[in-house]
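# An overview of the molecular structure
Residue strings, one per chain:
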Amino acid sequence: MYIDVSDDCGSREEWTLLFWTSVAVVVPVIITLWCSAQRSKRKTHMKDFFRKSKHGWHYTDLFNKPTYCCVCSQHILQGAFCDCCGVCADEQCLRRADRSLPCKEIMAPSSPEGAMEHRWVRGNVPLASYCAVCKQQCGTQPKLCDFRCVWCQTTVHDDCMESLTDGDVCDLGEFHSLIIPPHYLYRVNKLRRRHPDEYSKLGSSCGSGWTPVLVLANTRSGNNMGEVLLGEFRTLLNPVQVFDLSQLTPSKALQLCTLLPPGSVQVLVCGGDGTVGWVLDAIDAMKLKGQDQFIPRVTILPLGTGNDLSNTLGWGAGYAGEIPVEQVLRNILDAEVVKMDSTQLYYKADAGFPPQVLSMNNYFSVGPDALMALSFHAHREKTPSFFSSRIINKAVYFLYGTRDCLVQECKDLDKRIELELDGERVELPSLEGIIVCNIGYWGGGCRLWEGMGDEPCPPTRLDDGLLEVVGVFGSFHCAQIQVKLANPVRLGQAHTVRLVLKSSTMPMQVDGEPWAQGPCTITITHKTQALMLYHSAEQTDDDDDETSASETESPTPHDSPRAPGPASARA
């Protein structure tokens, strides 16, 4: 009897190969799934631990500079750090660090002599920091060394600590006039009578010119830098001054103003124009509550896509970390206070719905730019993770604008809408869009009213109570205006603007918030004035070839020539 041994061996080898191939595929998958489950479990555990801790812990898989554990002094690549006091620890030492190393105290009594003491943290000092005693660079040794005060940011060598002239006295450093000291809140908490005069007396102990700043950051704005900025501002200021608007509304955050000396508070809004409008609405709500004396002055760190209000006030077209937050605070110290008109928009639909009231700080528009904003917002709601970059956002706007050039969904606007300026009817040319501006900039950095700058036009101001009304012929015309190749159709300036949409549904927007609107009547009037901070030391993007921004947008009140009548610059 003949048995084919070669076939049997071949079959066995095939099964062996198939087995090891399966093992090679399945085992890595199992290991990956197990590691993912463990990582998820660890993150959940850490998140619960971080929530209960007094530190502002954040976990990172890789530190961006040489870092040493503040407990065991070992070099670490991954671990947790506190964005308030700067303490770092690896995962094994984290609980011990949380127990033994105190964080910044937002409220604490001062020393018996009335002075504030340094709060030192050893190691991991900032790069390029210098010793307050010997003036040599700190943190140069490859180990946990040297000290930093979490309040005044003073750095000192280990060997120079005993030679420090000020001893334990902390003056809060360069930004002492912007920081709320822990002893101030401690004394406020001990007050029997909560009265503005008492706050002013306590404020005098913080030094002359004390103007504390509150930081309100929107972590969802534009390029998603809000989370990083929150940590950097908590490091430099009292953590109680820094608010995440994704966790707390502006109305609640601004209640801290009522515990500070009247007229002294400044608010830094880190976000886009929508976030600024949100904060300004909360300030208007304070006025309705009778808290006028606590109204703060508002400044902007632009994180959004358009940032037209920031451009108008001299704070730039967008922030991407090009200057350190220390310079941002220095700019606030140098800024001047100006008044800015705030308007309100009433619209009443013909379908019998009750009238609606909206706040308007920047501009209102109906037509192609509102259509682009409406399409953009609809897609961002579906896939918000895609719209995390300012460049991507502007590219998407460009694509929608290009599509509208071909489709022209808003043509024959002049036949669908009626326009009145201060009660006087305006005959419209063949337009696709109408824009009503309260500020000098529009469309992400364009001086709309000025256009190419080759034609004389009445000047605009932040505080004159006038609205500028222009028309555009379409998306392509908008693009030409933005690159200064065309002028808008200047329809006029007025205190009150009234638009009547007679038929069909049109896209509209107020300060970048779009919607589709059917037949209605819209009235825009002056509401109040907001106190803003104007930064004049730095030019904005479109100012390189201009002699002065005051030719078109003067931040300070002065008499400016204007032709009489509601349509003083009618095309």
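The shown structure was predicted, so the numbers you read here are calculated from the model rather than taken from an experiment.

## Quick notes on the overall build of the protein chain
- Broken down by element type, the protein chain carries 13 helices and 28 strands.
- Residues counted as buried form 50% of the 571 residues belonging to the protein chain.
- For the protein chain, the share of sequence-separated contacts (at least 6 apart) that also reach a separation of at least 24 residues comes to 71%.
- Summing over all exposed atoms, the protein chain offers an accessible surface of approximately 27900 Å²; the carbon and sulfur share of this is 54%.

## A closer look at the layout of surface pockets
- Approximately 1300 Å³ is the volume attributed to the second largest pocket.
- Lining the second largest pocket are 37 residues, and of these Lys 65, Pro 126, Gly 231, Glu 232 and Thr 235 sit closest to its centre.
- Elements with a minimum of two residues in the lining of the second largest pocket: strand S1 (57-60), strand S4 (79-82), helix H5 (226-236) and helix H9 (325-334).
- Split into classes, the residues belonging to the lining of the second largest pocket amount to 18 nonpolar, 11 polar and eight charged.

## Some remarks on the nonpolar core
- Counting residues in each nonpolar core, the largest one holds 100 residues, and the members touching the most others are Tyr 184, Phe 233 and Met 532.
- Top contributing element to this core by residue count: helix H7 (residues 273-288), with six residues.
- The next biggest cluster of nonpolar side chains, apart from the first, holds 31 residues, and it includes Val 426, Val 436, Val 497 and Ile 522.

## Observations regarding the pairing of strand S15 (residues 336-349)
- Pairing of S15 with strand S27 (residues 520-534), which is carried by 14 bridges, proceeds in the antiparallel orientation. The partner of Asp 341 across the bridge, within S27, is Gln 529.
- Here five bridges tie S15 to strand S16 (residues 356-360), and the two strands are oriented antiparallel to one another. The partner of Leu 345 across the bridge, within S16, is Leu 358.

## Focus: the UniProt feature "transmembrane region" (unreviewed entry) in the protein chain
- If you check UniProt for "transmembrane region" (unreviewed entry), the listed places come out as residues 17-37 in our numbering.
- End C-alpha atoms of residues 17-37 are separated by 30 Å, and the span's content is 100% helix alongside 0% strand.

## Let's talk about the packing of helix H3 (residues 182-190) against helix H4 (residues 196-204)
- Put simply, H3 and H4 touch, their axes get as near as 10 Å, and they point 150° apart. Between H3 and H4, the angle is such that the two are roughly antiparallel. For the pair H3 and H4, the crossing hand works out as right-handed. On H4, the residues touching Tyr 184, Arg 187 and Val 188 of H3 are Tyr 199, Leu 202 and Gly 203.
- In the contact of H3 with H4, the residues fall into four nonpolar, one polar and one charged.

## Brief notes about H3
- Among all positions in H3, only Pro 182, His 183, Tyr 184, Leu 185 and Val 188 are buried.
- Against strand S6 (116-117) and H4 lie the buried residues of H3.

## Here's the deal with the packing of H5 against H9
- The geometry of H5 relative to H9 is characterised by a closest axis approach of 10 Å and an angle of 70° between their N-to-C directions. Considering the angle they form, H5 stands roughly perpendicular to H9. The handedness of the crossing between H5 and H9 is right-handed. Where H5 abuts H9, its residues Leu 229, Glu 232, Phe 233 and Leu 236 lie against Val 325, Glu 326, Val 328 and Leu 329.
- Class assignment for the residues of the contact of H5 with H9 results in six nonpolar, no polar and two charged.

## What about the pairing of strand S20 (residues 433-437)?
- Within S20, five of the five residues are buried, which leaves it mostly tucked inside the rest of the structure.
- A two-sided burial pattern is seen for S20, the buried positions comprising Gly 433, Ile 435 and Cys 437 on one face and Ile 434 and Val 436 on the other.

## Overview of the packing of aromatic side chains
- Summed over the entire model, instances satisfying the criterion amount to five aromatic pairs.
- Between Phe 63 and Phe 81 the ring centres are 6.4 Å apart and the planes differ by 65°, which places this aromatic pair in the edge-to-face class. Residue Phe 63 is located in the loop between S1 and strand S2 (67-68), and its partner Phe 81 is located in strand S4; the two are separated by 18 residues in the primary sequence.
- By relative accessible area, which is 13% here, Phe 63 ends up buried.

## Considerations on the pattern of salt bridges
- Under the criterion given, the structure shown has 13 salt bridges.
- For Glu 198, the salt bridge goes to Arg 193, with nearest N and O atoms at 3.1 Å.
- We classify Glu 198 as buried; its relative accessible area is 19%.
- Residue Arg 498 is joined to Glu 420 by a salt bridge in which the shortest nitrogen-to-oxygen separation is 3.3 Å. Taken together, the residues span a long stretch of sequence, with Arg 498 in strand S24 (residues 497-501) and Glu 420 in strand S18 (residues 417-421) at a distance of 78 residues.
- Look at Arg 498 and you get partly exposed, because its relative accessible area is 32%.
- Overlapping salt bridges bring together Asp 48, Arg 51 and Lys 52 as one network.

Rules and cut-offs
- Residues numbered from 1 in each chain as written.
- Predicted model: local features only at pLDDT ≥ 70, side-chain atom pairs only at ≥ 80, totals over all residues.
- Heavy atoms only, no water.
- Helix = DSSP H or I, 4+ residues; strand = E, 2+ residues; numbered from the N terminus.
- Buried < 20%, exposed > 50% of the residue type's maximum accessible area, 1.4 Å probe, protein only.
- Contact = heavy atoms within 4.5 Å.
- Areas by Shrake-Rupley, 256 points an atom, 1.4 Å probe, with all protein chains shown as cover.
- 1 Å grid on protein atoms, 1.4 Å probe; cavity = no way out; pocket = protein on both sides within 12 Å on 5 of 7 lines; lining within 4 Å.
- Points joined across faces, edges and corners; volume = space filled by probe spheres on them.
- Nonpolar A, V, L, I, M, F, W, Y, C, P; charged D, E, K, R; others polar.
- Core = buried A, V, L, I, M, F, W, Y, C linked by side-chain atoms within 4.5 Å.
- Pairing = 2+ DSSP bridges.
- UniProt positions renumbered as here; feature names shortened; annotations may be inferred.
- Axes fitted to C-alpha atoms, helices over the stretch in contact; angles between N-to-C directions.
- Parallel < 35°, antiparallel > 145°, perpendicular 65-115°, else oblique.
- Left-handed = near helix turned anticlockwise from the far one by under 90°.
- Phe/Tyr/Trp six-rings, centres within 6.5 Å; stacked < 30°, edge-to-face > 60°.
- Salt bridge = Lys/Arg side-chain N within 4 Å of Asp/Glu carboxyl O.

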